[in-house]
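Report on the structure
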Amino acid sequence: SRYYREVLPGEIVKISRHDVQTLDVVRRAEGDPSAFCIFEYVYFARPDSIFEGQMVYSVRRRCGQQLAIEAPVEADLVSTVPESATPAALGYAQKCGLPYVEVLCKNRYVGRTFIQPNMRLRQLGVAKKFGVLSDNFKGKRVVIIDDSIVRGNTISPIIKLLRESGAKEVHIRVASPPIRFPCYMGINIPTKEELIANRPEFRDLANYIGADSVVYLSVEGLVSSVQESIKERQENSPKSQKSFIGKIGHCTACLTGEYPVELEW
C-alpha cells in the first residue's frame, strides 16, 4: 500500500482497480469555518497518520518543542509515560538540550486498567502496568511529558512509583492544554465534573498528583504547532493548488468552549 492523498472534507470518493475518482464534494455552508478536531493531533490519531499534509508525529514533536519554550525547568533528564507522548518528549528534550531517557517500560502481561470496577483497582493496575528502570533516574530530577491529563488518576501512581524508586524531583509537562468542556461532535469526553481541570484540586494540581510542578501547553501554543507547516505549505504552493488545500481551521471546543456550530438543545 502507498499513501495517495487525503479525502477532502465532504468528498465522496470511488476507488477502483483503475483509479481514484471524486464523485462529489458536499460543500460546507458559506461562511462556516473549517473545524478539524485538534485532539486528533494531540491523542486520538496514530502517529504515522497524515492530516492536512503533515504527519501527526511531526506535529506532536513540535508541541513538545513549544512546551519547552513555554515551560522549561531545571532538570537532569526528560522522559515520558510510554508511549503516546514519546514524540512530544523527544521534541521537549531536543529544545531544552536535555537527554531523553526511558524511566518506565510497559509490562506486556497486564491488561487494560480503565475497565477495573473502581478507582483503587485502576490505580493499582496502573502501577502494575509499568516496570521501573530505576538505574536510569535514581537521584535525578526528572521531567515527565504527558500528552494529556484528563481525570488525573493515571499520572498519580506513576509519580509515586518514580519517587519510591529514587527520583529526586518529578516535574510534569503536558503537551496539550487542559480539557475543560464536553465534546458534542462525537468524542466520548468525560462529564464536566469528572475533568480534573474543572475540579477544585486543579488549583493546586502539582500537590494533588504528587509532582514538584505541572505546566500545560497553552491553547495558542498548540494551535501554532498544528498550523505552522500548513501555513508554510499554503504560502509556498502555486495558486492553482490553494483552493485544494482549503481554509485552515481547527475545533478547540473541548479546550476553549468555543464550538464551531451553534448548539441546539
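In this numbering scheme, every chain counts its residues from 1 along its sequence in written order. Since the coordinates come from a predicted model, pLDDT governs what is reported: local features require at least 70, and pairs of side-chain atoms require 80 or more to be given and counted, while whole-chain, interface and lining totals use all residues. Here the side-chain values reflect all heavy atoms present in the structure, with hydrogen atoms and water set aside.

For the protein, the name recorded in an unreviewed UniProt entry is PUR1 Amidophosphoribosyltransferase, with Tyrannus savana as its organism.

1. Side note on the pairing of strand β6 (residues 77-80)
For clarity, the threshold we go by: For the exposure calls, accessible area comes from a 1.4 Å probe over protein chains only, and a residue counts as buried if that area is under 20% of its type's maximum, exposed if over 50%, partly exposed in between. By the criteria applied, helices consist of DSSP H or I runs no shorter than four residues and strands consist of E runs no shorter than two, each listed in order from the N terminus. A pair of strands is labelled paired if DSSP reports no fewer than 2 bridges between them.
Side-chain alternation along β6 places Leu77 and Ser79 on one buried face and Val78 and Thr80 on a second face that is also buried. Where β6 and strand β9 (residues 141-146) come together, four bridges link them in parallel fashion. If you follow leucine 77 over to β9, its bridge partner there is valine 142.

2. Details of the sheet that holds strand β11 (residues 213-216)
Inclusion rule: The convention used is that axes are lines fitted to C-alpha atoms, helices contributing only their stretch in contact, and that angles between N-to-C directions extend from 0 to 180 degrees. What makes two residues a contact is simply this: any of their non-hydrogen atoms within 4.5 Å.
Within the open sheet, the four strands sit side by side as β6-β9-β10-β11. Their pairing is parallel. The open sheet has two edge strands, β6 and β11, and neither has a second partner. Between one strand axis and the next, the sheet turns through 25° on average, direction left out of account. Helix α3 (residues 86-96) contacts β6, β9 and β10 (169-174) of the sheet and is inclined by roughly 170° relative to β6. Packing of helix α5 (residues 155-164) onto the sheet brings it into contact with β9 and β10, and relative to β10 it is tilted by some 150°.

3. A short note on empty space enclosed by the protein
The method is simple in principle: a probe with the dimensions of a water molecule rolls over the atoms, and the space it marks as empty is what remains. Selection rule: A pocket, in this scheme, is an open set of points on a 1 Å grid over the protein atoms alone with protein on both sides within 12 Å along at least 5 of 7 lines, while a cavity is a set where a 1.4 Å probe fits but cannot get out; residues line either one if an atom lies within 4 Å of a point. Grid points are joined across faces, edges and corners, and a volume is the space filled by probe spheres set on the points. Note that Gly is not counted as nonpolar here; it falls among the polar residues with everything else outside the nonpolar set of Ala, Val, Leu, Ile, Met, Phe, Trp, Tyr, Cys and Pro and the charged set of Asp, Glu, Lys and Arg.
Taken as a whole, this structure holds one cavity of 30 Å³ or more when the rule is applied. Tyr41, Val42, Val59, Arg60, Cys63, Ser84, Ala85, Ala88, Asp147, Ala175 and Leu222 are the residues that line the largest cavity. Looking at the lining of the largest cavity, the elements with two or more residues in it are α1 (39-44) and α2 (56-70). Looking at the lining of the largest cavity, its residues break down into eight nonpolar, one polar and two charged.

4. Some remarks on the environment of arginine 5
Applied cut-off: Pairs of N or O atoms are called polar contacts if they sit within 3.5 Å, as long as, within protein, a hydrogen donor faces a hydrogen acceptor (for residues adjacent in sequence, only side-chain-to-side-chain pairs).
Relative to the elements of secondary structure, arginine 5 occurs in the segment before β1 (11-15). When its relative accessible area of 29% is taken as the criterion, arginine 5 is described as partly exposed. For the pair formed by arginine 5 and phenylalanine 51, sequence separation is 46 residues and the distance between their alpha carbons is 9.6 Å. Here the side chain of arginine 5 touches glutamate 11 through a polar contact of 2.8 Å, side chain to side chain. Here threonine 22 takes part through its side chain, which lies 3.3 Å from a polar atom of the side chain of arginine 5.

5. Details of the nonpolar core
Selection rule: Definition used in this section: a nonpolar core is a set of buried Ala, Val, Leu, Ile, Met, Phe, Trp, Tyr and Cys residues joined via side-chain atoms within 4.5 Å.
Judged by nonpolar contacts, the single largest core of 31 residues is most densely connected at Val78, Ile145 and Leu222. Mapped by element, the contributors of at least two residues to this core are α1, α2, α3, β9, α7 (219-236) and α9 (253-256). Among the elements that make up this core, the one with the highest residue count is α2 (five residues). Residues within four places of leucine 222 in sequence aside, it is in contact with Ile38, Val42, Cys63, Pro177, Leu217 and Leu255. In terms of nonpolar packing, the next biggest core, distinct from the first, is built from 26 residues, Leu104, Phe137, Val170 and Ala211 among them.

6. Topic: α2
What counts, and what does not: Multiply 1.5 Å by the residue count of a helix minus one, and that product is the helix's expected span.
Counted at 1.5 Å a residue, the expected span for α2 with its 15 residues is 21 Å, and the 21 Å between its end C-alpha atoms agrees. Buried within α2 are the following residues: Val56, Val59, Arg60, Arg62, Cys63, Gly64, Leu67 and Ala68.

7. Topic: the packing of aromatic side chains
Heads up, the rule is: Ring geometry is summarised as follows: Phe, Tyr and Trp rings, the Trp one being its six-membered ring, pair when their centres sit within 6.5 Å, and such pairs are stacked at plane angles under 30 degrees, edge-to-face over 60 and tilted between the two.
Following the criterion strictly, the structure yields seven aromatic pairs and no others. For the pair phenylalanine 36 and phenylalanine 51, a centre-to-centre distance of 5.0 Å together with 55° between the ring planes defines the contact as tilted. Of this pair, phenylalanine 36 sits in strand β3 (residues 36-37) while phenylalanine 51 sits in strand β4 (residues 50-51); the two residues are 15 residues apart in sequence, bridging distant segments of the chain. On the basis of relative accessible area, phenylalanine 36 is assigned to the partly exposed category, the value being 26%. Pairwise contacts between aromatic rings join Phe36, Tyr41 and Phe51 into one cluster.

8. With respect to a nonpolar patch on the surface
The test is simple: The patches reported here contain residues having more than 30% relative accessible area and no salt bridge. Joining distances are 9 Å for like charges and 5 Å for nonpolar side chains (Val, Leu, Ile, Met, Phe, Trp, Tyr). Residue exposure ignores everything except the shown protein chains as possible cover, and the areas themselves are Shrake-Rupley values with a 1.4 Å probe. When a carboxyl oxygen of Asp or Glu is within 4 Å of a side-chain nitrogen of Lys or Arg, the pair counts as a salt bridge.
A cluster of nonpolar side chains, contributed by Tyr184, Met185, Val261 and Trp265, occupies part of the molecular surface with about 500 Å² of accessible area. Accessibility expressed as a relative area gives 39% for methionine 185, which makes it partly exposed.

9. Focus on the side chain of serine 148
By the secondary structure assignment, serine 148 is in the loop between β9 and α5. A relative accessible area of 12% means that serine 148 is categorised as buried.

10. Focus on α7
The α-helix winds at 3.6 residues per turn, so residues separated by three or four positions along the chain end up facing the same way. Under the convention used in this document: Bend angle per residue: angle between axes fitted to the 7 residues ending at that residue and the 7 residues starting there.
Its 18 residues place the ends of α7 26 Å apart at the C-alpha level, agreeing with the 26 Å of an ideal helix rising 1.5 Å per residue. Of all the bends in α7, the greatest, near 40°, is centred on glutamine 227. Burial in α7 covers these residues: Gly221, Leu222, Ser225, Val226, Gln227 and Ile230. Looking at the buried positions of α7, the neighbouring elements they touch are α1, β5 (54-55), α2, β12 (250-251) and α9.

11. Notes on unusual backbone geometry
For the peptide bond that leads from proline 82 to glutamate 83, omega is -10°, which places it in the cis range. Locating glutamate 83 in the fold gives a position in the loop between β6 and α3. Positive phi, normally seen in glycine, also occurs at glutamate 52, with a value near 50°. Structurally, the position occupied by glutamate 52 is in the loop between β4 and β5.

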